[in-house]
Amino acid sequence: DGGITQSPKYLFRKEGQNVTLSCEQNLNHDAMYWYRQDPGQGLRLIYYSQIVNDFQKGDIAEGYSVSREKKESFPLTVTSAQKNPTAFYLCASSQDHSSNQPQHFGDGTRLSIL
Amino acid sequence: AQTVTQSQPEMSVQEAETVTLSCTYDTSESNYYLFWYKQPPSRQMILVIRQEAYKQQNATENRFSVNFQKAAKSFSLKISDSQLGDTAMYFCAFISGGSNYKLTFGKGTLLTVNP
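Residues numbered from 1 in each chain as written. Chains lettered and ligands numbered in written order. Predicted model: local features only at pLDDT ≥ 70, side-chain atom pairs only at ≥ 80, totals over all residues. Heavy atoms only, no water.

Our next topic: the overall build of chain B. Within chain B, the secondary structure is distributed over zero helices and twelve strands. N-terminal to C-terminal, the α/β element order of chain B is β-β-β-β-β-β-β-β-β-β-β-β. Overall, the C-alpha framework of chain B stretches about 45 × 25 × 20 Å when taken along its three principal axes. For chain B, buried positions account for 46% of its 115 residues. Once local pairs closer than 6 in sequence are excluded, the contacts in chain B between residues at least 24 apart make up 55%. When the accessible surface of chain B is split by element, carbon and sulfur atoms take 45% of a total near 5500 Å². (Helix = DSSP H or I, 4+ residues; strand = E, 2+ residues; numbered from the N terminus. Buried < 20%, exposed > 50% of the residue type's maximum accessible area, 1.4 Å probe, protein only. Contact = heavy atoms within 4.5 Å. Areas by Shrake-Rupley, 256 points an atom, 1.4 Å probe, with all protein chains shown as cover.)

Let us now look at the overall build of chain A. Secondary structure assignment for chain A yields zero helices and eleven strands. Ordering the α and β elements of chain A from the N terminus gives β-β-β-β-β-β-β-β-β-β-β. Taking 2.2 N^0.38 as the reference for a compact globule, 114 residues should give roughly 13 Å; the C-alpha atoms of chain A span a radius of gyration of 13 Å, in line with that estimate. Counting the 114 residues in chain A, one finds 49% classified as buried. With the model as given, the accessible surface of chain A reaches about 5400 Å², and the carbon-plus-sulfur share is 44%. (Rg over C-alpha atoms; globule rule 2.2 N^0.38 Å.)

Quick look at the pattern of salt bridges now. Under the definition given, this model contains six salt bridges over all chains. A:Asp38 is paired through a salt bridge with A:Arg36; the nearest N and O atoms lie 2.8 Å apart. Both residues of the pair, A:Asp38 and A:Arg36, count as buried. In this structure, B:Arg63 engages B:Asp86 in a salt bridge whose closest nitrogen and oxygen atoms are separated by 2.8 Å. (Salt bridge = Lys/Arg side-chain N within 4 Å of Asp/Glu carboxyl O.)

Distances and angles like these do not, on their own, reveal function.
Okay, here's the thing in structure tokens:
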């Protein structure tokens, strides 16, 4: 079945450590997105990519980095510069970057600090 | 900047009854799209329904329908014949016709369907 796969489901980070969250889609979508979800705050956009080899910062990009080397993959790295990384991270994709195309979400990764 | 407000942090409804979730938004744009997403305890975000601002007719998907009041900037979700599986967080979201990427979410309403 087509969909978005995020891994791992749970991830723990030690102080000073970078960790990478995986997001893979087989929907042949051009656009991909990373959101952070905190309790009581809804979803906030971290980074987005409209096409391979291109990405832009969202509202809360500090302490995060991404790459888009392949159409189907959009990994998110949470760096040691992100001082409050504990959150639920959701990856999404859409057919293209047109606003009328709905975004489809993965199952998420919960990141916690050890 | 666009904002989306969901004024009901939590709601509950009896199975088989009807419930309405509220959402208001603020924008100066005339071309935009509105969405309701459902997030059950499994945490997956599922698209429930979508409304295009230039369409006057309210969107409907089976038991889910919206009341879109463009002048009032209101976009409520009505769930008819509520089922236990409807228990979830519901998020209202807005995207500008010109922004081409940014979904702005409300903070969500936790709906509990009681047997």
